[in-house]
Amino acid sequence: LRQRIGALKPAARKKLVAAALERIAAGTSHAAHADVAREADAKGFDAGLRELSDKLRKSKKEERLEAVLRLLAQGELATDEDRYRLAAALLAKSPRSTLPAARTEDEALSMLAKLSDAGFDVATALGKDRRFDAEHLYYVGFHLVEEGSPLGEELLAAVVKEAGRTKLGKMAKNKLELVRRSAGG
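Keep in mind that this is a model prediction, so the values were computed, not measured. (Residues numbered from 1 in each chain as written. Predicted model: local features only at pLDDT ≥ 70, side-chain atom pairs only at ≥ 80, totals over all residues. Heavy atoms only, no water.)

1. Things to note about helix H5 (residues 80-92)
Thought 1: Between the first and last C-alpha of H5 there are 18 Å, a value that for 13 residues agrees with the 18 Å anticipated at 1.5 Å per step.
Thought 2: Residues Asp82, Tyr84, Arg85, Leu86, Ala87, Ala88, Ala89, Leu90 and Leu91 constitute the buried set of H5.
Thought 3: Lining the buried residues of H5 we find helix H3 (42-58), helix H4 (62-74), helix H7 (107-117), helix H8 (122-128) and helix H9 (134-146). (Helix = DSSP H or I, 4+ residues; strand = E, 2+ residues; numbered from the N terminus. Expected span 1.5 Å × (residues − 1). Buried < 20%, exposed > 50% of the residue type's maximum accessible area, 1.4 Å probe, protein only. Contact = heavy atoms within 4.5 Å.)

Structure representation (structure tokens):
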């Protein structure tokens, strides 16, 4: 089929994409189908994946959602918003341990750092995302501050503002003071 994709008419390409999306939605094996569908109609396939990811998120089918978002983020036409959606899905199920070894293995943190470095407004996106509370912001901010990213300070400042005098707010404030002291002296 891959050899004949160029000869397929647009209607046949749409059917091919629809069949691949149907298999992906059902949770059956999808790697080969995704490659062929993307080759047949990359824009249509990615648009279908975005639509499918919205449906899966609303129905709270997290495992399938992650697989769909990974497929979407791997495509050549993937946007920073697509990559953020994958990072957010991973962050939502993250254990949020501030231990260095745990943070090193957290894929969501590295993806958010890359997005920030690429110019994506991670702080605004996390702030608007209703899945995340001050604890999530603290976790991401803590990690990014440790990595030397200015976004980490911005997120910790947001936690201080939101959490106030709570234990979490005090922890964020202390971390910010430590970072500023070490940067200044």
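2. Quick notes on the side chain of Asp46
Thought 1: Tracing the chain through its elements places Asp46 in helix H3.
Thought 2: For Asp46, a relative accessible area of 1% puts it in the buried group.

3. Some words on the nonpolar core
Thought 1: In terms of nonpolar packing, the biggest core is built from 51 residues, with Phe45, Tyr84, Leu126 and Val140 touching the most fellow members.
Thought 2: Apart from the residues within four sequence positions on either side, Tyr84 is in contact with Leu112, Leu115, Phe120, Ala125, Leu126, Asp129 and Phe132. (Core = buried A, V, L, I, M, F, W, Y, C linked by side-chain atoms within 4.5 Å.)

4. Here we look at the pattern of salt bridges
Thought 1: Tallying each qualifying case throughout the model produces 14 salt bridges.
Thought 2: Across the salt bridge formed by Arg85 and Asp54, the nearest N and O atoms sit 2.3 Å from each other. You can see Arg85 sitting in helix H5 and its partner Asp54 sitting in helix H3, a full 31 residues away along the chain.
Thought 3: On the basis of relative accessibility, which here comes to 15%, the residue Arg85 falls in the buried class.
Thought 4: In this structure Asp54 comes out as partly exposed when scored by relative accessible area, which is 27%.
Thought 5: Arg96 is the salt-bridge partner of Glu135, the closest N and O atoms lying 3.5 Å from each other. Of this pair, Glu135 sits in helix H9 while Arg96 sits in the loop between H5 and helix H6 (100-104); the two residues are 39 residues apart in sequence, bridging distant segments of the chain. (Salt bridge = Lys/Arg side-chain N within 4 Å of Asp/Glu carboxyl O.)

5. What about the confidence of the model for the protein?
Thought 1: In the predicted model, the protein carries a mean pLDDT of 92, and 98% of its residues have values of at least 70.
Thought 2: Highest mean pLDDT in the protein belongs to H5 (97); lowest belongs to helix H2 (residues 31-40) (86). (pLDDT = per-residue confidence, 0-100.)

6. Observations concerning the packing of H5 against H7
Thought 1: Running from N to C, H5 and H7 point in directions that differ by 155 degrees, and their axes come no closer than 8 Å. Of the possible angle classes, the one that applies to H5 and H7 is roughly antiparallel. In this structure, the crossing between H5 and H7 has a hand that is left-handed. The segment H5 lies against H7, with Asp80, Arg83, Tyr84, Leu86, Ala87, Leu90 and Leu91 engaging Glu107, Ala108, Met111, Leu112 and Leu115.
Thought 2: Each residue belonging to the contact of H5 with H7 can be placed in one class, and the counts come to 9 nonpolar, no polar and 3 charged. (Axes fitted to C-alpha atoms, helices over the stretch in contact; angles between N-to-C directions. Parallel < 35°, antiparallel > 145°, perpendicular 65-115°, else oblique. Left-handed = near helix turned anticlockwise from the far one by under 90°. Nonpolar A, V, L, I, M, F, W, Y, C, P; charged D, E, K, R; others polar.)

7. Overview of unusual backbone geometry
Thought 1: Notably, Lys60 is not glycine yet its phi reads approximately 60 degrees, a positive angle.
Thought 2: Secondary-structure assignment places Lys60 in the loop between H3 and H4.
Thought 3: Residue classification places Lys60 among the exposed residues on the basis of a relative accessible area of 65%.

8. A short note on the side chain of Asp106
Thought 1: By the element assignment, Asp106 lies in the loop between H6 and H7.
Thought 2: Summary of buried charges: Asp106 has no salt-bridge partner, and the nearest side chain of opposite charge, Arg96, is 8.6 Å away.
Thought 3: A polar atom in the side chain of Asp106 sits 3.0 Å from the backbone nitrogen of Ala108.
Thought 4: Not counting the four nearest positions on each side in its chain, Asp106 is found in contact with Ser94 and Tyr139. (Lys, Arg positive; Asp, Glu negative; His and termini not counted. Polar contact = N/O pair within 3.5 Å; in protein donor to acceptor, adjacent residues only side chain to side chain.)

9. Structural notes on the environment of Ala40
Thought 1: Checked against the element boundaries, Ala40 lands in helix H2.
Thought 2: For the pair formed by Ala40 and Arg180, sequence separation is 140 residues and the distance between their alpha carbons is 52 Å.

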